[in-house]
Amino acid sequence: KNRMIVLGAILLILGFVLKVQILWTIGVILLVIGAVLWISFLLATVATGVFFSAIDPLELRYCVSFPEVSRTTAYTVGFLLFWLLTASSALLSVAFVYPAEQPAPDAKDPS
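Being a predicted model, the structure only gives us computed values, none of them experimental.

### Some thoughts on the overall build of the protein chain
Then step 1. Of the regular secondary structure elements, the protein chain holds 3 helices and 0 strands.
Then step 2. A burial count over the protein chain gives 16% of its 111 residues as buried.
Then step 3. Residue pairs in contact within the protein chain that sit at least 24 positions apart in sequence constitute 54% of those at least 6 positions apart.
Then step 4. When the accessible surface of the protein chain is summed, it comes to about 8,800 Å², and 73% of that surface belongs to carbon and sulfur atoms.

### Some thoughts on the packing of aromatic side chains
Then step 1. One pass over the structure, following the stated rule, counts 8 aromatic pairs.
Then step 2. On the basis of an interplanar angle of 15° and a centroid distance of 5.9 Å, the ring pair of Trp38 and Phe41 is categorised as stacked. Of this pair, Trp38 and Phe41 both sit in helix H2 (residues 21-54), 3 residues apart, roughly one helical turn.
Then step 3. For Phe41, a relative accessible area of 29% corresponds to the partly exposed category.
Then step 4. Taken together, a centroid distance of 5.7 Å and an interplanar angle of 40° make the contact between Phe79 and Trp83 tilted. You can see Phe79 and its partner Trp83 sitting in helix H3 (residues 71-97), 4 residues apart, about one turn around the helix.
Then step 5. Owing to a relative accessible area of 18%, Phe79 belongs among the buried residues under this scheme.
Then step 6. Site record: aromatic cluster; members linked through ring pairs are Trp38, Phe41, Phe79 and Trp83.

### Quick look at the side chain of Ser40
Then step 1. With respect to the helices and strands, Ser40 occurs in helix H2.
Then step 2. We classify Ser40 as buried; its relative accessible area is 2%.
Then step 3. A distance of 3.0 Å separates the side chain of Ser40 from the side chain of Trp83, its partner in a polar contact.
Then step 4. For Ser40, the contacting residues outside a window of four places in its chain are Trp83, Thr86 and Ala87.

### Describing the packing of helix H1 (residues 3-18) against H2
Then step 1. The N-to-C vectors of H1 and H2 enclose an angle of 155°; their axes lie 7 Å apart at closest approach. In terms of axis orientation, H1 runs roughly antiparallel to H2. Judged by the sense of rotation from one axis to the other, the crossing of H1 with H2 is left-handed. Across from Met4, Ile5, Leu7, Gly8, Ala9, Leu11, Leu12, Leu14, Gly15 and Phe16 in H1, the residues of H2 making contact are Leu23, Trp24, Ile26, Gly27, Val28, Leu30, Leu31, Ile33, Gly34, Ala35 and Trp38.

### Focus: the pattern of salt bridges
Then step 1. The full count for this structure, using the stated rule, is 1 salt bridge.
Then step 2. For Asp56, the salt bridge identified is with Arg71, shortest N-O distance 3.0 Å. With Asp56 in the loop between H2 and H3 and Arg71 in helix H3, this pair connects stretches of sequence that are 15 residues apart.
Then step 3. With relative accessibility at 26%, the residue Asp56 sits in the partly exposed group.

About the thresholds
- Residues numbered from 1 in each chain as written.
- Predicted model: local features only at pLDDT ≥ 70, side-chain atom pairs only at ≥ 80, totals over all residues.
- Heavy atoms only, no water.
- Helix = DSSP H or I, 4+ residues; strand = E, 2+ residues; numbered from the N terminus.
- Buried < 20%, exposed > 50% of the residue type's maximum accessible area, 1.4 Å probe, protein only.
- Contact = heavy atoms within 4.5 Å.
- Areas by Shrake-Rupley, 256 points an atom, 1.4 Å probe, with all protein chains shown as cover.
- Phe/Tyr/Trp six-rings, centres within 6.5 Å; stacked < 30°, edge-to-face > 60°.
- Polar contact = N/O pair within 3.5 Å; in protein donor to acceptor, adjacent residues only side chain to side chain.
- Axes fitted to C-alpha atoms, helices over the stretch in contact; angles between N-to-C directions.
- Parallel < 35°, antiparallel > 145°, perpendicular 65-115°, else oblique.
- Left-handed = near helix turned anticlockwise from the far one by under 90°.
- Salt bridge = Lys/Arg side-chain N within 4 Å of Asp/Glu carboxyl O.

Shown next, in the form of structure tokens:
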């Protein structure tokens, strides 16, 4: 289930012990992405349950012109869309928390 997180932790530890920077970096990236996807999966599950508790997928056919789909297909598509929404939101949050490093300003001689 959590293979990406476990692999990230292993690479992180190996990079630290062996002092290999690329393993450390890949481990951190895998840990962050794995954590974001896991949390967004849980949030998408809750959002799908709440949404489809209030709205019957077969009633949506009167509002939106989709081809005829079953309830199971509508639940699946809804879950994937909620997961995409929560994952993209979480990844953007991580990207804004850790912005790219700014280049150092040139040192100017005051004279």
